[in-house]
Amino acid sequence: MDRRSIIKHAGIAGVLAAGAAPAAHAQGGAIRWRLASSFPKALDTIFGAAEVFAKKVSDLSGGKFTITTHAGGELMPAFGVVDGVQNGTVECCHTAPYYFFGKNEAFALGCAIPFGLNSRQMTAWMYEGNGLKLMREFYAKYNMISFPMGNTGAQMGGWYRKEIKSVADIKGMKMRIGGFAGRVLERIGGVPQNIPGGEIYQALEKGTIDAAEWVGPYDDLKLGFHKVAPHYYYPGWWEGGPQLDLYINQKAYDSLSAENKAIVECAASYAHVDMQAKYDGRNPGALKTLVGAGAKLHPFPNDVMATAFKEAMALYEELNAKNEDWKKIYTDYAKFRADSNLWFRFTEARFDNFMQAQKL
Ligand code: CA
């Protein structure tokens, strides 16, 4: 009889008795952890993935293993969470690895790089390819172990005050853009700006910046960018499938029983699938609302895509020459990307293109 059956059959006396006995599946009794997120609660799908994870851990452990979730800034600065986990200030964090490309560009490979893997491909590289193994080898230098925990799917290319007719219009354009992508935007003439979510609207309205990218319709709608910069471009070629990660302090992870380690793995995988499902389920309605409210949809001109692609590949070659961690991981990543795109261009792309053209 397992512990939960004992509780169910024996009532409170049984709970007390079971609590007093050495629990086979939860060494050391109750476990209480704290999770520091890099995100505000307003990003309910992204911050929400940490809540989904924590609830699953509690449910799967029969309430013996609980994790409290804290928004960015609550326990430590949003971008201080890797230091927090590395130093053991908190047991775990939930973040977008590419925020930390300033520590080492290889962090971006665990999240998204311009013209990288899409969401399906990223998950395949992680679980079936060498992605998880290679990223964990790298994260071990920071005293932590990673678990994939969420993906937004391909993002939108952001909001622009004026139309972009060609790559020449990018020259001098001040754009709020997240993380590593700024390195490529710079190379095609843009001026990347680092502005927190809460201040983007005002900067766009005043014209302090010319453009801003955030996530996609569901999150963008809440911030109302369409009212001040109506040209909504696609796709977000710098975020074809950005992955969020759960990072756990290695010592904290090692202290878990085999059962609790399995619980963490299962709960993180569940939250990983759940977050993508939420975006795929919620973006279509939000896009309709945005277009109804005046957003003007445009694909990026071909020369913008082609020039950015060329510059991204040149940047990756430069990084191969100067960053050993990048080179080791990117070599595998690039091969996986080539093979995967060769496969996806047949059934997936043809099927999707056909279906999306139908009037259903
Ligand atoms: Ca983004």
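Residues numbered from 1 in each chain as written. Predicted model: local features only at pLDDT ≥ 70, side-chain atom pairs only at ≥ 80, totals over all residues. Heavy atoms only, no water.

S.K.: Sorry if this is basic, but what is going on with the sheet that holds strand β9 (residues 231–234) here?
M.R.: In spatial order, the strands read β7-β6-β8-β5-β9-β11; together these 6 strands make up an open sheet with mixed pairing. Both edges of this open sheet fall to β7 (191–193) and β11 (296–299), since each of them pairs with a single strand only. Across 4 bridges, the pairing between β9 and β11 is parallel. Across the sheet, residue Y233 finds its bridge partner in β11, namely H298. (Pairing = 2+ DSSP bridges. Helix = DSSP H or I, 4+ residues; strand = E, 2+ residues; numbered from the N terminus.)

S.K.: What's the story with the side chain of H226 in this structure? I'm lost.
M.R.: Locating H226 in the fold gives a position in the loop between α8 (217–223) and β9. The exposure class assigned to H226 is buried, which follows from its relative accessible area of 11%. (Buried < 20%, exposed > 50% of the residue type's maximum accessible area, 1.4 Å probe, protein only.)

S.K.: I would appreciate a short explanation of the pattern of salt bridges in the present structure.
M.R.: If the charged atoms of two oppositely charged side chains come close together, the side chains can form a pair. Evaluation of the coordinates by the stated rule reveals 15 salt bridges. For E348, the salt bridge is made with R120, and the minimal N-O distance between the two is 3.1 Å. On the criterion of sequence distance, the pair formed by E348 in helix α13 (residues 347–357) and R120 in helix α4 (residues 119–127) is long-range, its members being 228 residues apart. In this structure E348 comes out as partly exposed when scored by relative accessible area, which is 22%. In the salt-bridge network here, residues are joined through shared partners; they are D44, D219, K222 and R282. (Salt bridge = Lys/Arg side-chain N within 4 Å of Asp/Glu carboxyl O.)

S.K.: Before we go on, may I ask you to explain the sheet that holds strand β10 (residues 243–249) in this structure?
M.R.: Working definition: the strands of a sheet are paired by backbone hydrogen bonds and lie parallel or antiparallel to each other. Strands sit in the order β2-β1-β3-β10-β4 across an open sheet of 5 strands; the sheet is mixed. Of all strands in the sheet, those with a lone pairing partner are β2 (65–70) and β4 (144–151), marking the two edges. The average undirected angle you get between the axes of adjacent strands in this sheet is 25°. Helix α2 (residues 44–60) contacts β1 (31–37), β2, β3 (92–95), β4 and β10 of the sheet and is inclined by roughly 165° relative to β2. Each of β1, β2, β4 and β10 touches helix α10 (residues 258–292); the most contacted strand, β4, lies at about 30° to it. (Axes fitted to C-alpha atoms, helices over the stretch in contact; angles between N-to-C directions. Contact = heavy atoms within 4.5 Å.)

S.K.: Is there a simple way to explain a nonpolar patch on the surface in this structure?
M.R.: Where nonpolar side chains cluster on the molecular surface, the patch consists of F351, F354, M355 and L360 and spans about 490 Å² of accessible area. Relative to the helices and strands, F351 is located in helix α13. (Patch = residues over 30% accessible without salt bridge, like charges linked within 9 Å, V, L, I, M, F, W, Y side chains within 5 Å. Areas by Shrake-Rupley, 256 points an atom, 1.4 Å probe, with all protein chains shown as cover.)

S.K.: Whenever I open this one, the coordination of the calcium ion confuses me. Can you help?
M.R.: Ideal values differ by geometry: the angle at a metal is 109.5 degrees with four tetrahedral donors, but 90 or 180 degrees with six octahedral donors. Protein-derived coordination of the calcium ion comes from Q155 (OE1), E213 (OE), E213 (OE), W214 (O) and E239 (OE), at a distance range of 2.3 to 3.0 Å. For the calcium ion, the single-chain donor residues occur in sequence as Q-x57-E-W-x24-E. On the criterion of sequence distance, the pair formed by Q155 in the loop between β4 and β5 (158–160) and E213 in the loop between β8 (211–212) and α8 is long-range, its members being 58 residues apart. Q155 sits in the buried class, given a relative accessible area of 6%. Residue classification places E213 among the buried residues on the basis of a relative accessible area of 1%. (Donors = N, O, S within 2.8 Å, 3.2 Å for Na, K, Ca; no water.)

S.K.: Just to check I follow, could you spell out the environment of Q121 for this structure?
M.R.: Along the chain, Q121 turns up in helix α4. For the pair Q121 and Y270, spaced 149 residues apart in sequence, the C-alpha to C-alpha distance is 18 Å. Apart from the residues lying within four places of it in its own chain, the contact partners of Q121 are F336, S340, N341 and F344.

S.K.: Any chance you could explain the packing of aromatic side chains here in plain terms?
M.R.: For any pair of aromatic rings, the description consists of the separation of the ring centres together with the inter-plane angle of the planes. Counted under the stated rule, the structure contains 28 aromatic pairs. Between W237 and W238, the ring centres sit 4.7 Å apart and the planes meet at 85°, which makes this aromatic pair edge-to-face. Taken together, the aromatic side chains of F39, F79, Y98, Y99, F100, F107, F138, Y139, Y142 and Y247 make up a single cluster linked through ring pairs. Over the face of the ring belonging to F147 we find R136, whose NZ or CZ atom lies 4.7 Å from the ring centre. (Phe/Tyr/Trp six-rings, centres within 6.5 Å; stacked < 30°, edge-to-face > 60°. Lys NZ or Arg CZ within 6 Å of the ring centre and 35° of its normal.)

S.K.: I would appreciate a short explanation of the pairing of β1 in the present structure.
M.R.: Side chains on a regular strand alternate between the two faces of the sheet. For β1, the buried fraction is high: 5 of the 7 residues fall into the buried class. Relative to β2, β1 runs parallel, the two being bridged by 6 bridges. Each residue of the ladder has a partner; that of R32, found in β2, is T66. A crossover links β1 with its parallel partner β2, the connecting element being α2, and its sense is right-handed. Note: β1 against β3, 3 bridges, orientation parallel. Bridge pairing links S37 to H94 in β3. (Right-handed = clockwise from strand over helix to strand, strands pointing away.)

So yeah, pure geometry; function would need other evidence.
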